[in-house]
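One letter stands for each residue in the lines below.
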Amino acid sequence: MQPKGIMKSVFMILSIIFALVVVVQNISFNNEIKMYENFWGIKLPSKYECIYKWNNQDSFHGEGIRYSKYQILENNSSIFTDYSCTKNNKLESSIISLMASYDISEKQKIDFNSSYCWKYLKQEQDSLLIIYSLNTKNLFLIQNTE
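Note that the structure is a prediction, hence the values are computed from the model and not measured. (Residues numbered from 1 in each chain as written. Predicted model: local features only at pLDDT ≥ 70, side-chain atom pairs only at ≥ 80, totals over all residues. Heavy atoms only, no water.)

Engineer: Hey, could you go over the overall build of the chain for me, with residue numbers and the actual values?
Structural biologist: Helices and strands together make up the secondary structure of the chain, namely two helices and five strands. Ordering the α and β elements of the chain from the N terminus gives α-β-β-α-β-β-β. Looking at the chain as a whole, 38% of its 146 residues are labelled buried. For the chain, the share of sequence-separated contacts (at least 6 apart) that also reach a separation of at least 24 residues comes to 56%. As displayed, the chain offers around 9,500 Å² of accessible surface, 57% of which is attributable to carbon and sulfur atoms. (Helix = DSSP H or I, 4+ residues; strand = E, 2+ residues; numbered from the N terminus. Buried < 20%, exposed > 50% of the residue type's maximum accessible area, 1.4 Å probe, protein only. Contact = heavy atoms within 4.5 Å. Areas by Shrake-Rupley, 256 points an atom, 1.4 Å probe, with all protein chains shown as cover.)

This is the structure in structure tokens:
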């Protein structure tokens, strides 16, 4: 094989590897929303941008807390019609305490001064709290797995 042919082959192989890495990263990045939808049997917005992720799930089985913040990029609020939009002081104080105990930065915390809708789901020992901020269009997911 000539040197130009070898260079073309190496370039093609590297291009294919790079494309595969980009696809796998994109799938795993967007996989969290699909994981929530499949595990909890819920529908979440399809257009979003991940703003922040935190978890303390260091064990083999993934027990612990997962906290995610997403910016919703669509205006379809019909997904949240079966959520409660009533302020819940007990919920707010427990979430504020949780975020303080895990040192979540102020910028990433839920702003309970603005309007929000929420939904709490429980399956055996696992729970998921979904909070949607109406003003900022931020979606917060707090999952506790045991």
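Engineer: Which residues make up the packing of aromatic side chains, and what are the values?
Structural biologist: What the rule picks out here adds up to eight aromatic pairs. A centroid spacing of 5.1 Å and a plane angle of 90° characterise the contact between F80 and Y83, whose relative ring orientation is edge-to-face. A relative accessible area of 6% means that F80 is categorised as buried. Ring pairs connect the aromatic residues Y52, Y67 and F140, which therefore count as one cluster. (Phe/Tyr/Trp six-rings, centres within 6.5 Å; stacked < 30°, edge-to-face > 60°.)

Engineer: Residue-level account of the state of the cysteines, with values.
Structural biologist: Applying the stated rule across the entire model yields one disulfide. Between the sulfur atoms of C85 and its disulfide mate C117 the distance is 1.9 Å. Here the S-S torsion is close to 85°, and the disulfide linking C85 with C117 is therefore right-handed. Residue C85 is found in the loop between β2 (64-72) and α2 (89-101), and its partner C117 is found in strand β3 (residues 116-123); the two are separated by 32 residues along the sequence. Its relative accessible area of 49% is what places C85 among the partly exposed residues. Residue C117 is classed as buried on the basis of its relative accessible area, which comes to 4%. (Disulfide = S-S within 2.5 Å.)

Engineer: Quick one: what's the story with the side chain of D126, residue by residue and with numbers?
Structural biologist: Tracing the sequence through the fold places D126 in strand β4 (residues 126-133). K122 provides the closest opposite charge to the buried, salt-bridge-free D126, at an N-O distance of 7.3 Å. (Lys, Arg positive; Asp, Glu negative; His and termini not counted. Salt bridge = Lys/Arg side-chain N within 4 Å of Asp/Glu carboxyl O.)

Structural measurements only, silent on function.
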